[in-house]
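# Structure at a glance
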Amino acid sequence: MTRNSSAAKVAIITGGASGIGLASAQRLAAGGYHVLLWDKDGDKAIAAAKSLASAEGVAVDLGDTAAVKAAAAAALLTHGVIDAVVASGGISGNGRAFAEVDEAFFDAMMNVHVRGHFFLLQALLPGLKEGASIVLVSSIYARIGVKTMPHYAAAKGALLALTKALATELGPKGIRVNAVTPGLIRTPMTEASSRGSDAFFSDREAILPLRRLTTTDEVAASICFLLSDDANGLTGQAISPSSGEVMAD
Ligand SMILES: NC(=O)c1ccc[n+]([C@@H]2O[C@H](COP(=O)([O-])OP(=O)(O)OC[C@H]3O[C@@H](n4cnc5c(N)ncnc54)[C@H](O)[C@@H]3O)[C@@H](O)[C@H]2O)c1
């Protein structure tokens, strides 16, 4: 498969209509990428794409593997080569304790975060060439214990394991795979979880080494660093934009 458009590099961003995904799209578009914003909320993705220099919004539900594969096939047909993938699409764990997680919610968590991204990357393989770079958006809860949200932690932990497995398998082809594990970031997802309570955010700020939350743009900066040639020596790594909540050894 060869590159169809002569100029711009192409990035696919799941969850690209909002929060961390949108902030990453803004940085990549500003850096000259043609960005495909894939989101369950297609209208929001299309509207967001209009605000970027070179972008298209596409309605894709990560929970629907057939739709994910169809979207990947369409992207390959149009663009040939995919240079970057950011796997940011996701849903909140909603603070549910272990005993409160039913099978449907567990399955939704795994389908969106893990199954959707697993088969997306598999379907994109023919278009991922030497120099391609992938970043999976995991969470601090894959690295430290959390009192609620074991289903969310399990899904995000699976993404970290997938990062290392794919980094090992795809490394010899010159394809890098890394992850970010953000701490609490103020986005539409966490605004909804906070139910309007500022304490939801300020209580966390008080215990962070930097005494403030990391911003969406700062997470996007970490993602774009991992995608960039400046990170050419890094694969299978996870970095944690979390104002110091997680400190790797
Ligand atoms: N905000 C945080 O504190 C935080 C911390 C660590 C990790 N994360 C992760 O970062 C990622 C982005 O979250 P955010 O905080 O920017 O939230 P957000 O709600 O602003 O963005 C998530 C986007 O994913 C989309 N989405 C949801 N379900 C989808 C599906 N089935 N298919 C395709 N798209 C879907 C939503 O429509 C939304 O546009 C998520 O994977 C989240 O788990 C967030």
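Our subject is the structure that appears above.
Since this is a predicted model, take the numbers as computed values, not measurements. (Residues numbered from 1 in each chain as written. Predicted model: local features only at pLDDT ≥ 70, side-chain atom pairs only at ≥ 80, totals over all residues. Heavy atoms only, no water.)

## Remarks on the pattern of salt bridges
A full pass over the atoms with the stated rule returns five salt bridges. Of the charged contacts, one joins arginine 186 and aspartate 198 as a salt bridge, the two residues approaching to 3.1 Å between their closest N and O atoms. Of the two residues, arginine 186 is situated in the loop between strand S6 (176-180) and helix H6 (188-194) and aspartate 198 in the loop between H6 and helix H7 (199-207); the sequence distance between them amounts to 12 residues. We classify aspartate 198 as exposed; its relative accessible area is 52%. One salt bridge in this structure joins arginine 212 and glutamate 218, with 2.9 Å as the shortest N-O distance. The exposure class of arginine 212 is partly exposed, given its relative accessible area of 34%. Connected via shared salt-bridge partners are Arg186, Glu191 and Asp198. (Salt bridge = Lys/Arg side-chain N within 4 Å of Asp/Glu carboxyl O. Helix = DSSP H or I, 4+ residues; strand = E, 2+ residues; numbered from the N terminus. Buried < 20%, exposed > 50% of the residue type's maximum accessible area, 1.4 Å probe, protein only.)

## Here's the deal with the environment of valine 10
Along the chain, valine 10 turns up in strand S1 (residues 10-14). The buried category is assigned to valine 10, whose relative accessible area is 1%. For the pair valine 10 and valine 35, spaced 25 residues apart in the sequence, the C-alpha separation amounts to 5.9 Å. Apart from the residues lying within four places of it in its own chain, the contact partners of valine 10 are Arg3, Tyr33, His34, Leu36, His79, Val81, Ile82, Asp83 and Ala84. (Contact = heavy atoms within 4.5 Å.)

## Quick look at the site of the ligand
The local shell around the ligand holds 29 residues, among which Ser18, Asp39, Tyr152, Ile185 and Thr187 are the closest. Note that an oxygen atom of the ligand is positioned 3.4 Å from one of the backbone N or O atoms of glycine 90. Between an oxygen atom of the ligand and a main-chain N or O atom of isoleucine 185, the distance comes to 2.8 Å. Where the shell around the ligand is concerned, the elements lending two or more residues are helix H1 (19-30), helix H4 (103-124), helix H5 (150-170) and H6. Counting residues per element, the shell around the ligand draws most heavily on H6, which supplies three residues. (Near = heavy atom within 4 Å. Polar contact = N/O pair within 3.5 Å; in protein donor to acceptor, adjacent residues only side chain to side chain.)

## Considerations on the packing of aromatic side chains
Summed over the entire model, instances satisfying the criterion amount to two aromatic pairs. Aromatic side chains phenylalanine 118 and phenylalanine 119 sit 5.0 Å apart centroid to centroid with 65° between the ring planes, which places their arrangement in the edge-to-face category. With relative accessibility at 37%, the residue phenylalanine 118 sits in the partly exposed group. Look at phenylalanine 200 and phenylalanine 201: their rings are 5.1 Å apart centre to centre, the planes differ by 85°, and that puts the pair in the edge-to-face class. Relative accessible area serves as the criterion here: at 33%, phenylalanine 200 is assigned to the partly exposed category. Residue classification places phenylalanine 201 among the buried residues on the basis of a relative accessible area of 1%. Here arginine 96 stacks its cationic end above the ring of phenylalanine 105, 3.9 Å away from the centre of that ring. (Phe/Tyr/Trp six-rings, centres within 6.5 Å; stacked < 30°, edge-to-face > 60°. Lys NZ or Arg CZ within 6 Å of the ring centre and 35° of its normal.)

## With respect to helix H2 (residues 42-50)
If you check which residues of H2 are buried, you get Gly42, Ala45, Ala48 and Ala49. Along H2, the residues classed as buried sweep out an arc of 125° about the axis, all on the same side. Residues of H2 that are exposed and angled more than 90 degrees away from the buried face: Asp43 and Lys50. Contact partners of the buried residues in H2: H1, strand S2 (34-39) and strand S3 (55-59). (Arc of directions from axis to C-beta.)

On their own, these measurements won't tell you what the molecule is for.
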